[in-house]
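Breakdown of the fold
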Amino acid sequence: MRISELAKQAGTDAQTVRYYEREGLLAAPSRTPSGYRAYGPEHVERLNFIRHCRSLDMPLAEIKRLIDLSGNEKVSCEDVDQLVRMHLERVRAKRIALQTLEAQLTTLSSQCASGHRIADCGILGELIHAAHGEACACHPHAASKLRP
C-alpha cells in the first residue's frame, strides 16, 4: 500500500508517517520500481502501536525504547514495567500541576466583572501587575520570582 493508504488506515496523515520514519520509529518501506513507498501490514501494526502509545502521552524516546525492547524476547518484562511506572509518575506530577493551574485560572477569572470596558478589565489588570513584577491574584506569592 502507498503512504496515503497507510496513513488513512492508521487515522493520521502522510507527514506523520514520514516523521516517524525519520525518527526511526517506523521501518523504511521497500520501494516500487517507480519509486513509491510500499508499506505492508507490519507498518500498519507498528503505526497503530506508536499512535496508541502517543494517546497515552508517551514521548517518542520512550516509544522507541518500547519498540527496541519488543524486538528482544530475552529482555525482562521488568524493563517495560519500569518505563511505564516512570511515565505514570510524570503523569501524576502533571496532574498536580494542572490542578494548580486550574486553581490559578479560576482565581484569575474571578477578577472579571463582566460588562465593563476593557480599561476596567480585572483579568488584564492582574496580568499587567504580574508583568510589572507585582503580586497578582493568581500568583500572590510569586511576585519576586517574576522580576528580571
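Residues numbered from 1 in each chain as written. Predicted model: local features only at pLDDT ≥ 70, side-chain atom pairs only at ≥ 80, totals over all residues. Heavy atoms only, no water.

In this section: the overall build of the protein chain. Each helix and strand in the protein chain was counted, giving seven helices and two strands. Overall, the protein chain shows an N-to-C arrangement of helices and strands of α-α-β-β-α-α-α-α-α. For 148 residues, the compact-globule estimate of 2.2 N^0.38 gives 15 Å, and the protein chain exceeds it by more than 25% at 24 Å. With the C-alpha coordinates aligned to their principal axes, the bounding extent of the protein chain is approximately 65 × 40 × 30 Å. Relative to its 148 residues, the protein chain shows a buried fraction of 24%. Long-range contacts, defined here as pairs at least 24 residues apart, represent 42% of the contacts in the protein chain between residues at least 6 apart. (Helix = DSSP H or I, 4+ residues; strand = E, 2+ residues; numbered from the N terminus. Rg over C-alpha atoms; globule rule 2.2 N^0.38 Å. Buried < 20%, exposed > 50% of the residue type's maximum accessible area, 1.4 Å probe, protein only. Contact = heavy atoms within 4.5 Å.)

Applying the stated criterion across every chain, the model contains six salt bridges. The shortest N-O distance in the salt bridge between D68 and K64 comes to 3.5 Å. Taken together, the residues D68 and K64, both in helix α4 (residues 60–70) and four residues apart, mark about one turn of the helix. Since its relative accessible area comes to 40%, D68 is described here as partly exposed. For K64, a relative accessible area of 30% gives the class partly exposed. (Salt bridge = Lys/Arg side-chain N within 4 Å of Asp/Glu carboxyl O.)

Once that is clear, we can look at a nonpolar patch on the surface. A cluster of nonpolar side chains, namely I118, L124, L127 and I128, defines an oily patch on the protein surface of about 380 Å² accessible area. Counting through the fold element by element, L127 comes out in helix α6 (residues 122–131). When its relative accessible area of 41% is taken as the criterion, L127 is described as partly exposed. (Patch = residues over 30% accessible without salt bridge, like charges linked within 9 Å, V, L, I, M, F, W, Y side chains within 5 Å. Areas by Shrake-Rupley, 256 points an atom, 1.4 Å probe, with all protein chains shown as cover.)

Where α4 contacts helix α5 (residues 77–109), the axes come no closer than 10 Å and their chain directions differ by 165°. Between α4 and α5, the interaxial angle falls into the category roughly antiparallel. The hand of the α4/α5 crossing is left-handed. On the side of α4, the interface is formed by E62, R65, L66 and L69, while α5 contributes D79, V80, L83, H87 and R90. Per-class residue counts for the contact of α4 with α5 are four nonpolar, one polar and four charged. (Axes fitted to C-alpha atoms, helices over the stretch in contact; angles between N-to-C directions. Parallel < 35°, antiparallel > 145°, perpendicular 65-115°, else oblique. Left-handed = near helix turned anticlockwise from the far one by under 90°. Nonpolar A, V, L, I, M, F, W, Y, C, P; charged D, E, K, R; others polar.)

With respect to the secondary-structure elements, H43 resides in helix α3 (residues 41–55). When near neighbours in sequence (up to four residues on either side) are disregarded, H43 contacts L6, L26, A27, A28 and P29.

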